[in-house]
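Below, each chain spelled out in residue letters.
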Protein chains: 2
Amino acid sequence: MKDFKEKKLSSKLVYKGKILNLRVDTVRLPNGKEGQREVVEHTGAVVIVALTDKQEVLLVRQYRYPAQQELMELPAGKLELNEKTLECAQRELMEETGVVAGNWNELYAFYSTPGFSSEKLYLFMAKDLIFKEQHLDADEFVEMKKVSLQRALGMIKEGRINDAKTIVGILSAKEELKM
Amino acid sequence: MKDFKEKKLSSKLVYKGKILNLRVDTVRLPNGKEGQREVVEHTGAVVIVALTDKQEVLLVRQYRYPAQQELMELPAGKLELNEKTLECAQRELMEETGVVAGNWNELYAFYSTPGFSSEKLYLFMAKDLIFKEQHLDADEFVEMKKVSLQRALGMIKEGRINDAKTIVGILSAKEELKM
């Protein structure tokens, strides 16, 4: 099996920001030549498929500035420094939907955009939900919706759910439940 | 329904690169305050689930520098200026796998990371495959693998396929084929 590894020769930090940093690295390519790699550094995040006893999934509607539109997404959020993924998932679900879940299951982790970002997403399934109150950050504007898992599958096909992590989570929930 | 739209007040281009640009915009938030939004501009890309007559899916193994590891992914690639999504899908499938497909079907489009990037991915399913020769770009190092769709589903559960667009594509193919 050929080794395609690229070795870092030098690294330049272009931007240090709030949710991301941008780095441009010079690397040794497998053919011996030099190349440039643009890397959006991200601390990682969690995504939560929270299911009610009636097989409804919790979605959040929010304006996504980079996409210039409101999207329907699974609850999700960035890992804080030294935060464990499960703790983060529990915190984000509470903040965005006001829900506490009695049953948590980590499905798997995946890269959102490995071509240009280090962001890794940890997917959790949450059940046995208790509904309390939302606790949003000062610059978060989020509205919760409950949608049946079947309806959510239809919304993916219609393009009304069009966020990668949300599609991954909903299709994975369907797999898990063997629907 | 509350309107969560964020209005651009000013925009600063931080970096203009090869596969992405980085912009930091000041916006008016729904609560009237000002906020900052970091936006990774990307021209968009295509992803291809190419299926053989035996329900095998074509995967490409490649080193992903931002993830610091080799990943198994569906063939994919960036849209060139003014390129139609189907043309791009046909070109990328040919370049990365050497395959020409007789039957193309656009499933849907989705955002890879709407929290910080404008990148939109267009998912295609390709069938009636004819195998020819790979035509890689100078800095692309890619190896094709054929894997049964069932095995690919197992690889997702085991974390051996851990790229968002690839998980979306494989689970969507399973849906389409009503497996």
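Being a predicted model, the structure only gives us computed values, none of them experimental. (Residues numbered from 1 in each chain as written. Chains lettered and ligands numbered in written order. Predicted model: local features only at pLDDT ≥ 70, side-chain atom pairs only at ≥ 80, totals over all residues.)

Things to note about the domain arrangement of chain A
Residue and element names in this part refer to chain A.
- Parsing chain A into structural domains produces domain 1 (7-41) and domain 2 (45-176).
- Relative placement of domain 1 and domain 2: their C-alpha centres are 30 Å apart.
- Residue-level contacts link five residues of domain 1 with four residues of domain 2.
- Its residues assigned to classes, the side of domain 1 that touches domain 2 comprises three nonpolar, no polar and two charged. (Domains from an automatic or database assignment. Contact = placed C-beta atoms within 7 Å. Nonpolar A, V, L, I, M, F, W, Y, C, P; charged D, E, K, R; others polar.)

So, the sheet that holds strand E9 (residues 120-131) of chain A
All names here are of chain A.
- Taken together, the four strands give an open sheet; going across it, the order is E7-E4-E9-E8, and neighbouring strands pair in mixed fashion. Each edge of the sheet is formed by a strand with only one pairing partner; in this case those strands are strand E7 (76-78) and strand E8 (99-111). Ignoring strand direction, the axes of neighbouring strands in this sheet form an average angle of 25 degrees.
- Sheet analysis places strand E4 (residues 45-50) next to E7, joined by three bridges and oriented antiparallel. In the strand pairing of E7, Val 47 is matched with Ala 76. (Pairing = 2+ DSSP bridges. Helix = DSSP H or I, 4+ residues; strand = E, 2+ residues; numbered from the N terminus. Axes fitted to C-alpha atoms, helices over the stretch in contact; angles between N-to-C directions.)

Section: the environment of B:Val60
Residues and elements named next belong to chain B.
- With respect to the helices and strands, the residue Val 60 is situated in strand E5 (residues 56-64).
- Along the primary structure Val 60 and Leu 71 are separated by eleven residues, whereas in three dimensions their C-alpha atoms are 8.0 Å apart.
- Residue contacts for Val 60: discarding those within four places in its chain leaves Glu 73, Pro 75, Glu 96, Thr 97, Val 142, Glu 143 and Met 144.

Thoughts on the relation of the copies chain A and chain B
- The transform that puts chain A on chain B rotates by 180 degrees and translates by 0.0 Å along the axis, for an RMSD of 0.0 Å. Here the symmetry operator amounts to a two-fold rotation axis. In terms of proximity to the rotation axis, the leading residue of chain A is A:Val168, whose C-alpha is 2.7 Å off the axis.
- Take the interface residues of chain A: 100% of them recur as interface residues in chain B, which is what a same-surface contact looks like. (Least-squares fit on C-alpha atoms with pLDDT ≥ 70 in both.)

Quick notes on helix H1 (residues 85-97) of chain B
Residue and element names in this part refer to chain B.
- Taking 1.5 Å of rise per residue, the 13 residues of H1 would be expected to cover 18 Å, and the 18 Å separating its terminal C-alpha atoms lies within 8% of that figure.
- Within H1 the residues assigned to the buried category are Cys 88, Ala 89, Glu 92, Leu 93, Glu 96 and Thr 97. Seen end-on, H1 carries its buried residues on one side only, within an arc spanning 130 degrees.
- Contacts made by the buried residues of H1 are with strand E4 (45-50), E5, strand E7 (76-78), strand E8 (99-111), strand E9 (120-131) and strand E10 (142-148).
- Backbone geometry just downstream of H1 places Gly 98 in the positive-phi region, at approximately 75 degrees. (Expected span 1.5 Å × (residues − 1). Buried ≥ 20, exposed ≤ 12 C-beta atoms within 10 Å, placed from the backbone. Arc of directions from axis to C-beta.)

A few points about the nonpolar core
- Grouped together as the largest cluster of nonpolar side chains are 78 residues, with contacts concentrated most on A:Val46, A:Ile48, A:Ala50, B:Val46, B:Ile48 and B:Ala50.
- By size, the runner-up hydrophobic cluster in this structure holds 16 residues, among which are A:Leu22, A:Val39, B:Leu22 and B:Val40. (Core = buried A, V, L, I, M, F, W, Y, C linked by C-beta atoms within 7 Å.)

Some details on unusual backbone geometry
- One non-glycine residue, A:Gln68, lies in positive phi territory at about 55 degrees.
- Checked against the element boundaries, A:Gln68 lands in the loop between strand E5 (56-64) and strand E6 (69-73).

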